[in-house]
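Chain by chain, the residues:
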There are 2 protein chains.
Amino acid sequence: MAKEIERKFLVANDLWRIEVQRTVRLRDGLLAFSDGRKVRIRFYDDRATLTVKGRRKGISRDEFEYDIPSCDGLVLLADHCDGEVLEKSRHHIQFGGHEWIVDEYHGILAGMLLAEIEIPTECTRFMHPPWLGPEVTGKQKYRQTNLIKAYAQARSSQADG
Amino acid sequence: MAKEIERKFLVANDLWRIEVQRTVRLRDGLLAFSDGRKVRIRFYDDRATLTVKGRRKGISRDEFEYDIPSCDGLVLLADHCDGEVLEKSRHHIQFGGHEWIVDEYHGILAGMLLAEIEIPTECTRFMHPPWLGPEVTGKQKYRQTNLIKAYAQARSSQADG
């Protein structure tokens with residue numbers, strides 16, 4: 001088990017792009033969500049993981065992540081997420097002694113960028129890189145579960161229209 | 001991934017007890033449940049597993065089960081199932097060339113017995129042992145998710161009373 005403590009920000013400009021050290025393509029699907037807990041299937045390139053995230057307490061939550069066979073991951077993503085799969089490129093950037101990630105969404109959320117820093121304690125201080133926008137930690141709209149819902153709704157409107 | 005195809009029955013009498021070949025103590029907790037899918041943490045004695053069960057199609061459903069470290073399992077069961085943990089003894093019995101299980105519930109559901117047979121196809125035929133009661137396959141009331149809810153409600157009534 002890990003404790004996930006992260007702060008999330010919008011991105012103000014494109015300066016982060018020249019600092020990227022590593023990029024991984026992620027595909028996320030939501031298997032189940034109830035009472036603030038969620039269970040997610042994720043592909044990091046070709047590596048599949050199953051993740052249980054506990055209820056949030058402030059900006060932290062318990063996280064349990066396990067590698068699973070990628071053939072299982074493909075079936076879970078295709079048949080058990082109601083097609084609500086989110087794709088993004090996760091860019092890793094070092095700044096001020098911490099690792100930042102910038103998530104660049106694809107598909108219907110293309111153009112959306114979110115920056116995150118994972119910190120060891122809730123009160124850990126860190127420098128803000130020059131490309132950082134306003135903080136959105138804890139804002140409902142920017143939680144991935146809600147982004148996935150927005151994605152599904154937008155897709156369903158497209159299908160209806 | 002496995003395909004779970006099972007039929008479930010009540011138990012008519014105690015004759016099954018003399019046929020038991022093996023008994024395992026199970027503890028089940030429901031981590032998340034949405035849109036007919038469920039994610040469960042289970043202890044088989046000291047072995048912990050995380051299981052994703054897909055939506056039912058008739059009497060079958062996809063099932064994905066993974067071993068996880070038992071220290072994680074203990075935290076998941078204690079902190080992430082809202083205390084809704086179901087305990088039962090699972091008795092294994094051979095009859096007519098098939099393996100039957102009889103689940104004997106403990107705690108607030110003590111006294112409840114359910115028999116199950118897992119079969120390779122939906123139309124596999126099997127002999128009924130002399131202790132078998134009426135079939136309850138597909139009956140909402142006897143689904144474990146609903147048994148867990150009933151358990152939680154009964155416990156909450158006890159606390160209120």
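Since we're looking at a predicted model, the values are computed, not measured. (Residues numbered from 1 in each chain as written. Chains lettered and ligands numbered in written order. Predicted model: local features only at pLDDT ≥ 70, side-chain atom pairs only at ≥ 80, totals over all residues.)

The next point concerns the overall build of chain A. When its secondary structure is counted, chain A shows two helices and nine strands. What you see for chain A is a C-alpha radius of gyration of 16 Å, in line with the 15 Å of a compact globule of 161 residues. Its C-alpha atoms give chain A principal-axis dimensions of roughly 40 × 40 × 30 Å. By residue count, 27% of the 161 residues in chain A fall in the buried class. (Helix = DSSP H or I, 4+ residues; strand = E, 2+ residues; numbered from the N terminus. Rg over C-alpha atoms; globule rule 2.2 N^0.38 Å. Buried ≥ 20, exposed ≤ 12 C-beta atoms within 10 Å, placed from the backbone.)

All names here are of chain A. Overall, the predicted model of chain A reaches an average pLDDT of 90, with 95% of residues at or above 70. Here helix H2 (residues 144–160) stands out as the least confident element of chain A, with mean pLDDT 71; strand S9 (residues 132–135) is the most confident, with 97. For this predicted complex, the interface confidence reaches an ipTM of 0.83, while the overall pTM sits at 0.85. (pLDDT = per-residue confidence, 0-100.)

Another aspect to go through is helix H1 (residues 70–79) of chain B. All names here are of chain B. Residues Gly-73, Leu-76 and Leu-77 constitute the buried set of H1. Along the axis of H1, the buried residues cluster in a sector spanning 95°; they form a single face. Opposite the buried face of H1, at more than 90 degrees from it, the exposed residues are Cys-71 and Ala-78. (Arc of directions from axis to C-beta.)

A few words on unusual backbone geometry. For A:Asp45, which is not glycine, the phi torsion reads 50° and is therefore positive. On the secondary structure map, A:Asp45 appears in the loop between strand S3 (37–44) and strand S4 (47–53).

On the side of chain A, 22 residues touch chain B, which itself brings 22 residues to the contact. Contributing elements (two or more residues each) for the side of chain B that touches chain A: strand S2 (22–34), strand S3 (37–44), strand S4 (47–53), strand S5 (60–68) and H1 of chain B. Split by residue class, the side of chain B that touches chain A holds twelve nonpolar, three polar and seven charged. (Contact = placed C-beta atoms within 7 Å. Nonpolar A, V, L, I, M, F, W, Y, C, P; charged D, E, K, R; others polar.)

This paragraph deals with the relation of the copies chain B and chain A. The operation relating the pair of chain copies consists of a rotation about an axis and a translation along that axis. Here chain B sits on chain A after a turn of 180° about the axis and a move of 0.0 Å along it, with an RMSD of 0.0 Å. Expressed as an axis order, the relation between the two copies is that of a two-fold axis. No C-alpha of chain B lies nearer the rotation axis than that of B:Ala32, which sits 2.9 Å from it. A shared interface surface links the copies, since 100% of the contact residues of chain B are contact residues in chain A too. (Least-squares fit on C-alpha atoms with pLDDT ≥ 70 in both.)

Before going further, it helps to spend a moment on the nonpolar core. Counting residues in each nonpolar core, the largest one holds 28 residues, and the members touching the most others are A:Leu31 and B:Leu31. Residue assignment for this core shows that the elements contributing at least two residues are strand S2 (22–34), S3, S4 and helix H1 (70–79) of chain A together with S2, S3, S4 and H1 of chain B. The contact partners of A:Leu31, leaving out residues within four places of it in the chain, are A:Val39, A:Arg40, A:Ile41, A:Leu76, A:His80, A:Cys81, B:Arg37, B:Val39 and B:Val52. (Core = buried A, V, L, I, M, F, W, Y, C linked by C-beta atoms within 7 Å.)

What follows deals with the environment of B:Tyr142. All names here are of chain B. The residue Tyr-142 is located in the loop between strand S9 (132–135) and helix H2 (144–160) in this model. What makes Tyr-142 partly exposed here is the crowd of 15 C-beta atoms within 10 Å. Expressed as a C-alpha distance, the spacing of Tyr-142 and Gln-21, which sit 121 residues apart in the sequence, is 25 Å. The contacts of Tyr-142, once residues within four sequence positions are left out, are Lys-8, Leu-114 and Val-136.

What follows is about the pairing of S2(A). Residue and element names in this part refer to chain A. Relative to strand S6 (residues 85–95), S2 runs antiparallel, the two sharing eight bridges. For Leu-26, the partnering residue across the bridge sits in S6 and is Lys-88. Where S2 meets S3, eight bridges bridge the pair, whose relative direction is antiparallel. By the bridge assignment, Leu-30 is partnered in S3 with Arg-40. The antiparallel hairpin formed by S2 and S3 contains two residues in its connecting segment, where Asp-35 sits at a positive phi of about 55°. (Pairing = 2+ DSSP bridges.)

The subject of this paragraph is the pairing of S6(A). Residues and elements named next belong to chain A. In terms of strand pairing, S6 meets strand S7 (residues 98–105) through eight bridges, oriented antiparallel. Residue pairing in the sheet places His-92 in a bridge with Ile-101 of S7. Between S6 and S7, which follow one another and run antiparallel, lie two residues, and Gly-96 among them has a positive phi close to 60°.

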